Amino acid sequence: MLTGDPGEALRVRLPRIETLPLVDHHCHGLVRRELDRADFERAMTEADHPAPVGTSFFDSQLGLALRRWCAPELDLAPHAQADDYLARRAERGPDEVATRLLRAAGIEELCVDTGFAPERLTSAEDLAGAAGARAHDVVRLEPLAEQVALDIVTGQVGVAHFPDLVRSRLAARTGREQPTAGGTRRPAGKARKAAGPGGVDVVGVKSVAAYRVGLDLPSERPTDRAVIASVRGWVSQLRAGAPIRLADPVLHSFLIWTGADLGLPVQIHTGFGDTDLHLARANPLLLTDLLRELVPTGAPVLLLHCYPYHREAGYLAQVFPHVYVDVGLATHNLGRGSATVLAETLELAPFGKMLFSTDAFALAELYLLGAKLFRRGLGAFLAAGVEADDWTAQDAARIAAMIGAGNARRVYGLAEPAAAAEPPPPPSPAAKPRAAKPRATAKATTPKATTAKATTSKATASKPASKPAKAAARQPSAQEAPSVDAKPAATKRGAARSRKRVPGPISLIKEPRGKEHHGSPKPPRSRTHGTASHPKTGDTG
């Protein structure tokens with residue numbers, strides 16, 4: 001039995017575990033403006049209300065982990081008090097905080113759910129710039145279908161066009177060939193990856209059916225006739241003044257089938273979330289029949305989050321060839337307890353079927369905590385096996401590389417990090433060489449290729465340059481042990497450039513509510529009770 005730090009044995013045998021390369025296969029954007037304490041605490045958790053008077057969300061596993069691991073990145077002592085941490089956070093400013101914490105997380109690539117109001121959170125491109133990483137878009141299915149419904153309500157198209165319009169728009173958005181009504185893709189060349197906002201490529205789709213109707217969805221592929229009948233009922237409700245919010249089991253099933261027919265990885269929210277979700281209806285076992293029917297499509301299905309049904313999800317990952325799991329969201333919320341959840345998930349889930357994710361939303365702290373606690377938890381699990389001689393240190397290193405990044409690269413078709421670039425040629429005599437600043441200098445700037453415009457004003461002036469990932473030897477594949485000397489690869493030149501954005505109103509809701517995301521007027525809304533025309537529909541994903 002291990003004593004002391006549970007990761008100590010593995011650090012001795014596998015010194016790279018604490019800097020294990022990670023691909024975050026599901027996350028969200030950031031709020032890049034100042035937050036008061038109430039908003040910050042609400043963004044920490046899945047609650048949609050401030051902590052009761054006399055209490056604080058800092059007094060939780062998540063809050064204690066935040067004070068322990070995030071405070072040092074802002075030049076505070078570990079376990080700094082919450083008031084001191086928030087004061088330092090405000091002093092540094094949102095741009096510097098985002099850059100420091102995201103880069104300290106050491107995440108190489110991010111798959112970003114961009115299905116909520118984009119003006120309220122950073123884009124995938126901006127997130128990549130702050131993190132010094134590569135980013136990809138994941139298309140949320142429900143907003144796409146809701147836009148088609150809005151076109152029907154406004155008379156631009158007829159109800160009967162709904163199925164074909166959803167298929168064609170999703171195919172165009174993702175750069176895939178459009179399937180026929182029966183799900184067979186028409187002959188075409190190799191599918192391309194479409195560019196999302198800012199030129200970021202699309203690598204998958206996502207369903208939040210768990211928030212809308214639960215996961216007990218029709219398993220058989222819905223016919224166009226059945227889809228059109230459901231749309232007629234939905235459109236009637238919209239014309240009567242209902243908010244534009246898809247909540248029909250047939251239509252949610254249709255959207256999942258549509259994504260699978262394109263051969264795209266399909267993410268499905270399962271397990272816990274905010275107060276709009278009925279947890280009992282988010283058990284991934286409810287998807288069993290649908291998962292069985294989806295096998296012939298060959299599309300990977302990724303069960304997100306899963307907690308407290310992570311053992312059930314591990315079972316599904318074992319028995320179905322196309323099912324994968326993660327425990328993102330739970331990792332940072334459970335703090336020290338996340339190691340137990342990781343180990344329980346891996347009781348049945350094959351090591352090649354588990355992926356890393358943070359499900360970080362709004363706060364850069366959640367990226368750092370998700371990465372730090374995941375590495376610690378996985379390290380504790382693997383260290384115990386090495387110590388008990390259940391597997392070798394080489395096996396542990398290979399498994400860590402698979403779960404940390406290799407599995408995600410395989411499932412989403414992500415390229416391995418580029419090998420170190422050739423050194424640039426020496427400047428010509430006519431060119432005036434640019435003096436390089438030493439890395440140890442307090443005002444050293446972050447390399448241009450990994451710095452977003454929004455972060456350069458403060459992040460490089462208040463602290464020694466953060467440690468951007470260097471271009472180095474090729475990272476290990478899913479079947480290789482990580483090298484002790486390997487460093488995370490830098491992004492390509494210019495890939496992390498960000499666009500200047502005007503700060504919008506803070507939104508700590510991960511799903512646009514009512515008609516807000518369609519550009520209609522936004523009446524005043526309580527964060528907890530909504531309004532008559534825009535009821536509370538958070539749909540945290």
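Note that the structure is a prediction, hence the values are computed from the model and not measured.

> Help me understand the packing of aromatic side chains, please; the structure alone is not making it clear to me.
The relative placement of two aromatic rings is captured by the distance of their centres and the angle of their planes. Here the structure, examined in full by the defined rule, presents seven aromatic pairs. Ring plane angle 80° and centroid distance 5.8 Å describe the contact between Phe272 and Tyr307, whose orientation is recorded as edge-to-face. In this pair, Phe272 sits in the loop between strand 5 (266–270) and helix 12 (288–294) while Tyr307 sits in the loop between strand 6 (301–305) and helix 13 (310–319), placing the two residues 35 residues apart along the sequence. Classification of Phe272 as buried rests on a relative accessible area of 17%. Summarising the aromatic geometry, the rings of Phe356 and Phe374 are spaced 4.8 Å apart at their centres and angled 55° between planes, so their arrangement reads as tilted. Here Phe356 is found in the loop between helix 15 (338–345) and helix 16 (364–387), whereas its partner Phe374 is found in helix 16, with 18 residues between them in sequence. Residues Phe356 and Phe374 agree in their burial class; the two are buried. An aromatic cluster of at least three residues, connected via ring pairs, comprises Phe162, Trp234 and Phe254. The aromatic ring of Trp69 is capped on one face by Arg68, whose charged end is 3.8 Å from the ring centroid. We note Lys353 situated over the ring of Tyr324; from NZ or CZ to the ring centre the distance is 5.2 Å.

> Is there a simple way to think about the side chain of Ser207 in this case?
Structurally, the position occupied by Ser207 is in strand 4 (residues 202–207). Judged by its relative accessible area of 1%, Ser207 is buried. Excluding anything up to four places from it in sequence, Ser207 contacts Leu141, Glu142, Ile256, Gln267, Ile268 and His269.

> Sorry if this is basic, but what is going on with the packing of helix 8 (residues 162–174) against helix 11 (residues 249–261) here?
Relative orientation and spacing of two packed helices are given, respectively, by the angle between their axes and the distance between those axes. Here helix 8 crosses helix 11 at 40°, and the two axes come no closer than 10 Å. Our classification of the angle between helix 8 and helix 11 gives oblique. Viewed along their axes, helix 8 and helix 11 form a crossing whose handedness is right-handed. Where helix 8 approaches helix 11, its residues Phe162, Pro163, Val166, Arg167 and Leu170 are matched on the opposing element by Leu251, Phe254, Leu255, Thr258 and Gly259.

> How should I be thinking about helix 13 in this particular structure?
Note: α-helices contain 3.6 residues per turn, so residues at a spacing of three or four share the same orientation. Three or more residues of helix 13 are buried, namely His310, Ala313, Gly314, Leu316 and Ala317. The buried side chains of helix 13 occupy one side of the element, clustering within an arc of 160° when seen end-on. Lining the buried residues of helix 13 we find helix 12, strand 6, strand 7 (323–325) and helix 15.

> What is the right way to read a nonpolar patch on the surface from this model?
Judged by side-chain polarity, Leu285, Tyr315, Val319 and Leu348 come together as a nonpolar surface patch covering roughly 300 Å² of accessible area. Judged by its relative accessible area of 34%, Leu285 falls in the partly exposed class.

How each quantity is defined
Residues numbered from 1 in each chain as written. Predicted model: local features only at pLDDT ≥ 70, side-chain atom pairs only at ≥ 80, totals over all residues. Heavy atoms only, no water. Phe/Tyr/Trp six-rings, centres within 6.5 Å; stacked < 30°, edge-to-face > 60°. Helix = DSSP H or I, 4+ residues; strand = E, 2+ residues; numbered from the N terminus. Buried < 20%, exposed > 50% of the residue type's maximum accessible area, 1.4 Å probe, protein only. Lys NZ or Arg CZ within 6 Å of the ring centre and 35° of its normal. Contact = heavy atoms within 4.5 Å. Axes fitted to C-alpha atoms, helices over the stretch in contact; angles between N-to-C directions. Parallel < 35°, antiparallel > 145°, perpendicular 65-115°, else oblique. Left-handed = near helix turned anticlockwise from the far one by under 90°. Arc of directions from axis to C-beta. Patch = residues over 30% accessible without salt bridge, like charges linked within 9 Å, V, L, I, M, F, W, Y side chains within 5 Å. Areas by Shrake-Rupley, 256 points an atom, 1.4 Å probe, with all protein chains shown as cover. Salt bridge = Lys/Arg side-chain N within 4 Å of Asp/Glu carboxyl O.

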